[in-house]
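The primary structure of each chain is shown beneath.
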Amino acid sequence: MVVLQASEPVVGTRRVSAAVAAAGLSSFALLYAPQPVLPQLAAAYGLDPGSASLAIGVATASLAVAVLPLAWLAGVAGRRRVIVWSVVVSAVIGLLLPLAPSFPVFLVMRGVQGVAIAGFAGVAAAYLADQVGTGRLAGAVGAMIAGNSVGGMLGRLGAGFAADPLGWHGALVAVAGVALVCALFTVATLPRTTTDGHRAPARKGRGGGVRVGFGLVAPFAVGALAMGAFVALYNAAGFRLAAPPIALSPAAASLVFLSYAMGTASSAAAGRLATRLGRTPALVAALVVTVAGSALTAHPSLPVIALGFAVLTAGFFAAHAIANAWVTADAPPPARGRAAGVYTLCYYLGSGAGGTAGAVVYGHAGWTWLVVMTSAWLLLAALAVLVTRRKHLAS
């Protein structure tokens, strides 16, 4: 159990939670807004599913590449300042994105937007640790991820429903407008404390860095493999639901993103689950639930598919919350920013690579083989958690 150190600053969590939740809503609504309109993008630019999925993959890959440099920058310039610039710049790019004259230009703008979003994604967990202390970190991170899942859900639903009357251009503008309002709320309410911008002294020697790296292999693996599986399934979902025999409209197909409500609930409860069961059993259980939900989506019945997405989303967000809190809680204070940045790097590399690979597999082999591939990734992540526990017990 992590004990709150007296030297760690603790501020009221209500204002912090509201500001970070608004930033998460803005960031993740923007990051995944193109997902429900991928079929419309494919039709507009003459793309196959794999190529269209680059609208998501480029943004998440650029986020992954940028997260460590921005985590370092936050240690110099202040975490609050980086978060503020992140949410404002990403929202402005979101408003400009529909003006892109071609798909290559669209992808370049998505890449820049991914870099901007990295400022929030890579810094938020360490910022929360500074603000609330490690004793309340699991609950705070769970609440942050719940806000992120609400943003992802609302961004996808908003784009999906706006696509019918406004087209994909208007859909992306609508999401960006809401994101900008949330970003401005974050700017106005995100607290400052004496630790903001504080430069933690670097650890001397190799020992500390090696301990942080090897001790966190399991949550890093969960971040990469589980996120890759999750995004792969959701990237291909729009194509499957729009194609015969289901043949849903964009608005109806986007209802699958209501499953994110299950992720909101499960991520908020993940800290309590880990406390009750233990971190390793809770994380493995969450990954197994995700596999079970993925298997349900292979059924031809639409209600069973919807149930499968609800189950896999609940399992994934619980696993993500536990793994994220594991990284930030186990890293020593001087290494928190670096550890959180590496986790985010793994998470979004998994998203970019896994999401694109999943769309390619779906386009060439169909949904069943996509489920087989993603289930293998999830079980490999669970194996990494179990192996890490065995090595810890043996040491």
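Just so you know, these numbers come straight off a predicted model, no measurement behind them.

**Some details on the overall build of the protein chain**
At step 1: Looking only at helices and strands, the protein chain has 16 helices and zero strands in total.
At step 2: Counting across all 395 residues of the protein chain, residues that qualify as buried make up 56%.
At step 3: Taking the intrachain contacts of the protein chain between residues at least 6 apart in sequence as the baseline, contacts between residues at least 24 apart amount to 85%.
At step 4: Accessible surface for the protein chain amounts to roughly 15500 Å². Of this, 71% is attributable to carbon and sulfur atoms.

**Points about a nonpolar patch on the surface**
At step 1: Taken together, Trp 72, Leu 73 and Val 76 make up a surface patch of nonpolar side chains, about 300 Å² in accessible area.
At step 2: Summarising the element assignment, Leu 73 is placed in helix α4 (residues 54–77).

**Notes on the packing of helix α10 (residues 217–242) against helix α14 (residues 302–330)**
At step 1: Interhelical geometry of α10 versus α14 gives an angle of 155° and a closest axis separation of 10 Å. With respect to their mutual orientation, α10 and α14 come out roughly antiparallel. Along this stretch, α10 crosses α14, giving a crossing that reads as left-handed. Across the interface between the two elements, Ala 218, Pro 219, Phe 220, Val 222, Ala 226, Met 227, Phe 230, Leu 233, Tyr 234, Ala 237, Arg 240 and Leu 241 from α10 touch Leu 302, Ile 305, Phe 309, Leu 312, Thr 313, Phe 316, Phe 317, Ala 319, Ala 323, Trp 326 and Val 327 from α14.

**Concerning the environment of Tyr 32**
At step 1: Counting through the fold element by element, Tyr 32 comes out in helix α1 (residues 13–32).
At step 2: What makes Tyr 32 buried here is its relative accessible area of 3%.
At step 3: Tyr 32 sits 124 residues away from Arg 156 along the chain, and the two C-alpha atoms are 6.5 Å apart.
At step 4: Here Tyr 32 is in contact with Ile 56, Thr 60, Arg 156, Met 227, Val 231, Tyr 348 and Ser 351, once residues within four sequence places are set aside.
At step 5: Within the local environment of Tyr 32, its side chain forms a polar contact with the side chain of Ser 351, the two groups lying 3.5 Å apart.

**Remarks on the confidence of the model for the protein chain**
Predicted coordinates in areas of low pLDDT are best not read in detail.
At step 1: When pLDDT is averaged across the protein chain, the result is 82; 85% of the residues are at 70 or more.
At step 2: This model gives residues 1–11 a pLDDT under 50, and the stretch forms 24 contacts once residues within four places in sequence are excluded.
At step 3: Below pLDDT 50 for its whole length, residues 197–212 participates in 18 contacts with residues either more than four positions away or in separate chains.

**Details of the nonpolar core**
At step 1: Membership of the largest hydrophobic core comes to 113 residues, with the highest contact counts inside it found for Phe 106, Val 222, Phe 230, Phe 309, Tyr 348 and Trp 367.
At step 2: In terms of residues, this core owes the most to one element, α10, which gives 15 residues.
At step 3: Looking at this core, you find at least three residues from each of domain 1 (11–192) and domain 2 (212–394).
At step 4: Not counting residues up to four positions away in its chain, the partners in contact with Phe 230 are Tyr 260, Leu 312, Thr 313, Phe 316 and Phe 317.

**Quick look at the packing of α4 against helix α6 (residues 103–121)**
At step 1: Two elements in contact, α4 and α6, have axes whose closest approach is 7 Å; the angle formed by their N-to-C orientations is 40°. By the angle between their directions, the pair α4 and α6 is classed as oblique. Of the two possible hands of crossing, α4 and α6 adopt the one that is right-handed. Side by side, α4 and α6 meet where Leu 54, Ala 55, Ile 56, Val 58, Ala 59, Ser 62, Leu 63, Ala 66, Val 67 and Leu 70 of the first sit next to Phe 103, Phe 106, Leu 107, Arg 110, Gly 111, Gly 114, Val 115, Ile 117, Ala 118, Gly 119 and Ala 121 of the second.

**Quick word on the side chain of Arg 156**
At step 1: Among the structural elements, Arg 156 can be located in helix α8 (residues 137–189).
At step 2: For the buried Arg 156, which has no salt bridge, the nearest side chain bearing the opposite charge is Asp 164, at an N-O separation of 17 Å.
At step 3: Looking at Arg 156, its side chain comes within polar contact range of the side chain of Gln 35, at 2.5 Å.
At step 4: For Arg 156, the residues in contact, after removing those within four places along its chain, are Tyr 32, Gln 35, Pro 36, Ser 254, Phe 257 and Tyr 260.

Criteria and thresholds
Residues numbered from 1 in each chain as written. Predicted model: local features only at pLDDT ≥ 70, side-chain atom pairs only at ≥ 80, totals over all residues. Heavy atoms only, no water. Helix = DSSP H or I, 4+ residues; strand = E, 2+ residues; numbered from the N terminus. Buried < 20%, exposed > 50% of the residue type's maximum accessible area, 1.4 Å probe, protein only. Contact = heavy atoms within 4.5 Å. Areas by Shrake-Rupley, 256 points an atom, 1.4 Å probe, with all protein chains shown as cover. Patch = residues over 30% accessible without salt bridge, like charges linked within 9 Å, V, L, I, M, F, W, Y side chains within 5 Å. Salt bridge = Lys/Arg side-chain N within 4 Å of Asp/Glu carboxyl O. Axes fitted to C-alpha atoms, helices over the stretch in contact; angles between N-to-C directions. Parallel < 35°, antiparallel > 145°, perpendicular 65-115°, else oblique. Left-handed = near helix turned anticlockwise from the far one by under 90°. Polar contact = N/O pair within 3.5 Å; in protein donor to acceptor, adjacent residues only side chain to side chain. pLDDT = per-residue confidence, 0-100. Core = buried A, V, L, I, M, F, W, Y, C linked by side-chain atoms within 4.5 Å. Domains from an automatic or database assignment. Lys, Arg positive; Asp, Glu negative; His and termini not counted.

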